[in-house]
Amino acid sequence: MRDIGFDEIAGAVAQMCTAACCSLPQDVLDALQRAQSAEEGRAAWMLELLLKNARMAADARRPCCQDTGMAVVLADLGRDVHLTCDLYEAVNEGVRRGYGEGWLRKSVLTPLTRENTKDNTPAVVHLRLTAGDRLRLTLMPKGFGSENRSRLAMLNPSDGQAGVEAFILETARLGAASACPPVVLGVGVGGTFEGCALLAKRQLARPLGQPSDDPLLADMERRLLEEINALGIGPGGLGGKTTALAVHIAQTPTHIAGLPVAVNVQCHAMRHQEVVL
């Protein structure tokens, strides 16, 4: 049994907040560079600006986007870990510190009165029990230019795979231009209303472009990426061959009467950090 306490969790989350907002992961930078090499004209220029912005942000330790997002934390807790604190309080303290010390924009407020909480808390924490004696924390600052373009549908079983693919493509067609493209789509199929949305969110934490282990889903990802890029929306919505960098799909069993599907849209600034305690 391993003890993990408040300060360990809060300190790790605080560090990840600044790191995630200021430095894009290398797999994202590599994907943007490949896209820039394949484009021309305005599309290539836009991708060049995105890459330059990312480099300047990392060098200066400043946010790569003014929308430093709502902190989403995926917490995988080993069964042999003993938490000596309240996990949610520790995570929120880390967000409070990280957004304050990093001079990150605080965007969280109550939905109806629109009163800002002034410290970007509460974070959204998704807890999952796993084997082992470690706590894995993945932090994703989620901006709402892309989050607002996400969609969920309770399709009829008769809609089948074709209906799922049509919904994913329609989501990209309707929302990609205003979601700071090139985008990444996390897709969850099956489960329940809330289950498929969380499954979609978790796909954004996958290494960018890593195909699904399921051959059926891997084929869907490949074909849908081609179809989305054929829309011609392009980087920044200025036209081009790169509307999306990746489509990540996962499925889970559902009820015989249902076919839920959720698409979580992510902008080109696919920010995330991970730590294992």
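Residues numbered from 1 in each chain as written. Predicted model: local features only at pLDDT ≥ 70, side-chain atom pairs only at ≥ 80, totals over all residues. Heavy atoms only, no water.

(A) The arrangement of the overall build of the chain in detail. When helices and strands are counted, the chain shows eight helices and ten strands. Taking 277 residues into account, the globule formula puts the C-alpha radius of gyration at 19 Å, and the chain, at 19 Å, falls close to it. Along the first, second and third principal axes, the C-alpha set of the chain runs to 50 × 50 × 40 Å. The proportion of buried residues among the 277 residues of the chain is 49%. Contacts in the chain between residues far apart in sequence, at least 24 positions, make up 82% of those at least 6 positions apart. Between the averaged position of the 28 positive side-chain charges in the chain and that of its 31 negative side-chain charges there is a distance of 5 Å. (Helix = DSSP H or I, 4+ residues; strand = E, 2+ residues; numbered from the N terminus. Rg over C-alpha atoms; globule rule 2.2 N^0.38 Å. Buried < 20%, exposed > 50% of the residue type's maximum accessible area, 1.4 Å probe, protein only. Contact = heavy atoms within 4.5 Å. Lys, Arg positive; Asp, Glu negative; His and termini not counted. Charge placed at Lys NZ, Arg CZ, Asp CG, Glu CD.)

(B) Highlighting the layout of surface pockets. If you add up the space inside the largest pocket, you get close to 270 Å³. At the level of secondary structure, the elements contributing two or more residues to the lining of the largest pocket comprise helix H2 (26-38), helix H8 (215-229) and strand S8 (244-254). Of the residues in the lining of the largest pocket, the class split is eleven nonpolar, five polar and four charged. (1 Å grid on protein atoms, 1.4 Å probe; cavity = no way out; pocket = protein on both sides within 12 Å on 5 of 7 lines; lining within 4 Å. Points joined across faces, edges and corners; volume = space filled by probe spheres on them. Nonpolar A, V, L, I, M, F, W, Y, C, P; charged D, E, K, R; others polar.)

(C) Region of the structure containing the nonpolar core. Ranked by size, the top nonpolar core spans 26 residues in total, and within it Ile9, Val13, Val91, Val95, Leu135, Leu137 and Leu139 carry the most contacts. Counting residues per element, the ones that place at least two in this core are helix H1 (6-22), strand S2 (70-78), helix H4 (87-101) and strand S5 (135-142). Here this core takes seven residues from H1, the largest share from any one element. Residues in contact with Val95, not counting those within four places in the same chain, are Val13, Cys17, Ala71, Asp119, Asn120, Thr121 and Ala123. With 24 residues, the next largest nonpolar core counts Ala153, Ile168, Leu217 and Val263 among its residues. (Core = buried A, V, L, I, M, F, W, Y, C linked by side-chain atoms within 4.5 Å.)

(D) Here's a closer look at the pattern of salt bridges. Counted by the stated rule, this structure contains 17 salt bridges. In this structure, the salt-bridge partner of Glu147 is Lys201, at a minimum N-O distance of 2.9 Å. Placement of Glu147 in helix H5 (residues 144-147) and of Lys201 in helix H7 (residues 193-203) is noted, with a sequence separation of 54 residues between them. Through salt bridges that share partners, Glu165, Asp219, Arg222, Arg223 and Glu226 make up one connected network. (Salt bridge = Lys/Arg side-chain N within 4 Å of Asp/Glu carboxyl O.)

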